[in-house]
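One letter stands for each residue in the lines below.
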Amino acid sequence: MIEVRNLVKDYYGHVAVNNLSFTVNPGEIVGFLGPNGAGKSTTMNVITGYISASSGQAIVNGYDIFTEPEKAKKSIGYLPEQPPLYPDMKVVEYLMFVADLKKVKKSERRKMVKDIMELTKVSDVSGRLIKHLSKGYKQRVGLAGAIVGYPEILILDEPTVGLDPNQIIEIRQLIKSLSTKHTILLSSHIMQEVSAVCDKIIIINNGELVAYDTPANIAKVMEESRELIVTVKGDVNCSKNVINNIEGIREFRCESASEMLCTYYIKVEEEYDIREQIFFEMARVNCPVIEMRQHEVSLEEIFLSLTHGGSNQNNRRNNMKRVMEVEE
């Protein structure tokens, strides 16, 4: 488990992390998101003990990283964005070296390294120099190094950066499989990646927590961004009058593809379901519905809404804070 309590990191007047608190429970894969400069790397560096905090606590597997750093660090496997590999070492030599650094028992090292190479699928390049490996294999070797010693917690910073689509899929599948034995905190800028592998997401901005929940629950809070999209054939003025007279519509806009074809983007009050009414009312005035669909807010849209300016940004952040307070 990872527990961050009121964490603050102040770089000589620049507050990179501001009173940040969250918990990652055992067995979870949690995505750690935020725009550049939001404080993600600083937070991860504090959790791993690489840098100190100005105030607050980081508890790793029950140990305070500041007061019991050795015990806490034994529980952590860390893969930074640029894996700390030694290019002139062979893969197996490097992993044996990492096992030595992590004080794995000599009697267990060779089998552990063999098993981890099989798990991360680098056995076939075990005898090759790391500098001759592709980017994908280097990333796998870095991940293998993080797993050595079987730490309870894995902290992965941009684990698929620079990989091709096939390599990304393979790394995602590997990360998913690791969650059966490890708690994982995963930093990424790729929204699809977070959606594909993470149980929960943390979003921070300007060093502050703006959201922490499952993607589905965050989407529920953001329902004010959900739209009903309806494409209608017929007289635009006639169909617009129909929309104007339906109860429960908060606002709408119309984009005309032609004089006889219009797409409506409709925001509806939460307690209303107007789909059947729109269908029958449009049919009544000879304006057939060509298409009707609910636009589900995406993780990317949630991220942009919570971390960039906008008229409803503060309301959305306040909603998220209320949800997190209720769950706590």
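Everything here concerns the structure above.
So, here's what we can say about the structure. (Residues numbered from 1 in each chain as written. Predicted model: local features only at pLDDT ≥ 70, side-chain atom pairs only at ≥ 80, totals over all residues. Heavy atoms only, no water.)

1. Some thoughts on helix 5 (residues 135–147)
So, point 1. Across its 13 residues, helix 5 extends 19 Å between first and last C-alpha, which sits within 8% of the 18 Å expected from 1.5 Å per residue.
So, point 2. When you tally the buried positions in helix 5, you get 10 out of 13 residues, the bulk of the element.
So, point 3. Residues of helix 5 that are buried make contact with strand 6 (76–79), helix 3 (91–101), helix 4 (106–119), strand 7 (153–157) and helix 6 (165–178).
So, point 4. One or two steps after helix 5, the chain reaches G149, where phi turns positive at roughly 90°. (Helix = DSSP H or I, 4+ residues; strand = E, 2+ residues; numbered from the N terminus. Expected span 1.5 Å × (residues − 1). Buried < 20%, exposed > 50% of the residue type's maximum accessible area, 1.4 Å probe, protein only. Contact = heavy atoms within 4.5 Å.)

2. Examining the state of the cysteines
So, point 1. Counting across every chain of the model gives one disulfide.
So, point 2. Left unpaired, C287 is separated from the closest cysteine sulfur, that of C238, by 4.3 Å. (Disulfide = S-S within 2.5 Å.)

3. What to know about the sheet that holds strand 14 (residues 289–295)
So, point 1. With antiparallel pairing, the four strands of this open sheet are ordered in space as 12-13-11-14. Only two strands of the sheet have a single partner each, and these edge strands are strand 12 (249–258) and strand 14. Averaged over all pairs of adjacent strands, the angle between their axes in this sheet comes to 15°, without regard to strand direction.
So, point 2. Across six bridges, strand 11 (residues 227–233) lies against strand 14 in antiparallel orientation. Looking at the pairing, V230 lines up with M292 of strand 14.
So, point 3. Contacts from helix 9 (residues 236–244) reach strand 11, strand 12 and strand 13 (261–268) within the one sheet, and its direction differs from that of strand 12 by about 165°.
So, point 4. The sheet strands contacting helix 10 (residues 275–284) are strand 11, strand 13 and strand 14, and the helix crosses strand 14 at an angle near 165°. (Pairing = 2+ DSSP bridges. Axes fitted to C-alpha atoms, helices over the stretch in contact; angles between N-to-C directions.)

4. What to know about unusual backbone geometry
So, point 1. Positive phi, normally seen in glycine, also occurs at K121, with a value near 60°.
So, point 2. On the secondary structure map, K121 appears in the loop between helix 4 and helix 5.
So, point 3. We classify K121 as exposed; its relative accessible area is 56%.
So, point 4. At N286, a residue that is not glycine, the phi angle is positive and equals roughly 60°.
So, point 5. Relative to the helices and strands, N286 resides in the loop between helix 10 and strand 14.

5. Looking at the nonpolar core
So, point 1. Core analysis: the largest hydrophobic core is formed by 46 residues, its most contacted members being V91, L95, V141, V148, L156, I184 and I203.
So, point 2. Apart from residues no more than four positions distant in its own chain, V141 is found in contact with L85, V91, Y94, L95, V122, I130 and L133.
So, point 3. Core analysis: the next-biggest nonpolar cluster, separate from the first, contains 27 residues, V24, V30, A53 and I65 among them. (Core = buried A, V, L, I, M, F, W, Y, C linked by side-chain atoms within 4.5 Å.)

6. Comments concerning the sheet that holds strand 3 (residues 29–33)
So, point 1. Read across the open sheet, the six strands follow the order 6-7-8-3-9-10; overall the sheet is mixed. The open sheet terminates on both sides in strands that have one partner only, identified here as strand 6 and strand 10 (208–213). With direction set aside, neighbouring strand axes in the sheet form an average angle of 15°.
So, point 2. Note that strand 9 (residues 200–205) and strand 10 share five bridges and pair antiparallel.

7. A closer look at the side chain of T263
So, point 1. Relative to the elements of secondary structure, T263 occurs in strand 13.
So, point 2. By relative accessible area, T263 is classed as buried at 15%.
So, point 3. A distance of 3.0 Å separates a polar atom in the side chain of T263 from a polar atom in the side chain of T231.
So, point 4. With residues up to four places along the chain from it excluded, the contact list for T263 reads I229, V230, T231, R253, C254 and E255. (Polar contact = N/O pair within 3.5 Å; in protein donor to acceptor, adjacent residues only side chain to side chain.)

8. Quick notes on the pattern of salt bridges
So, point 1. Evaluation of the coordinates by the stated rule reveals 12 salt bridges.
So, point 2. Residue E28 is joined to K200 by a salt bridge in which the shortest nitrogen-to-oxygen separation is 3.3 Å. Of the two residues, E28 sits in the loop between strand 2 (14–24) and strand 3 while K200 sits in strand 9, which places them 172 residues apart along the sequence.
So, point 3. Among the salt bridges present, the one from R284 reaches E281, with a minimum N-O distance of 2.8 Å. You can see R284 and its partner E281 sitting in helix 10, three residues apart, about one turn around the helix.
So, point 4. On the accessibility criterion, E281 (25% relative accessible area) is partly exposed. (Salt bridge = Lys/Arg side-chain N within 4 Å of Asp/Glu carboxyl O.)

9. Some remarks on helix 3
So, point 1. Along helix 3, the residues that are buried comprise V91, Y94, L95, V98 and A99. All buried residues of helix 3 project into a common sector of 140° when viewed along the axis, lining one side.
So, point 2. Close packing links the buried residues of helix 3 with helix 4 and helix 5. (Arc of directions from axis to C-beta.)

10. Topic: the pairing of strand 13
Every other side chain in a regular strand lies on the same face of the sheet, so the side chains alternate between the two faces.
So, point 1. A large share of strand 13 lies buried, amounting to seven of its eight residues.
So, point 2. With eight bridges connecting them, strand 12 and strand 13 associate as antiparallel partners. Pairing of I249 across the sheet is with V268, part of strand 13.
So, point 3. The antiparallel pairing of strand 12 with strand 13 creates a hairpin that spans two residues between the two strands.

11. Description of the packing of helix 5 against helix 6
So, point 1. Here helix 5 crosses helix 6 at 10°, and the two axes come no closer than 11 Å. Considering their axes alone, helix 5 and helix 6 lie roughly parallel with respect to each other. Both helix 5 and helix 6 take part in a crossing whose hand is right-handed. In contact with G136, R140, L143 and I147 of helix 5, helix 6 contributes Q167, E170, I171, L174 and L178. (Parallel < 35°, antiparallel > 145°, perpendicular 65-115°, else oblique. Left-handed = near helix turned anticlockwise from the far one by under 90°.)

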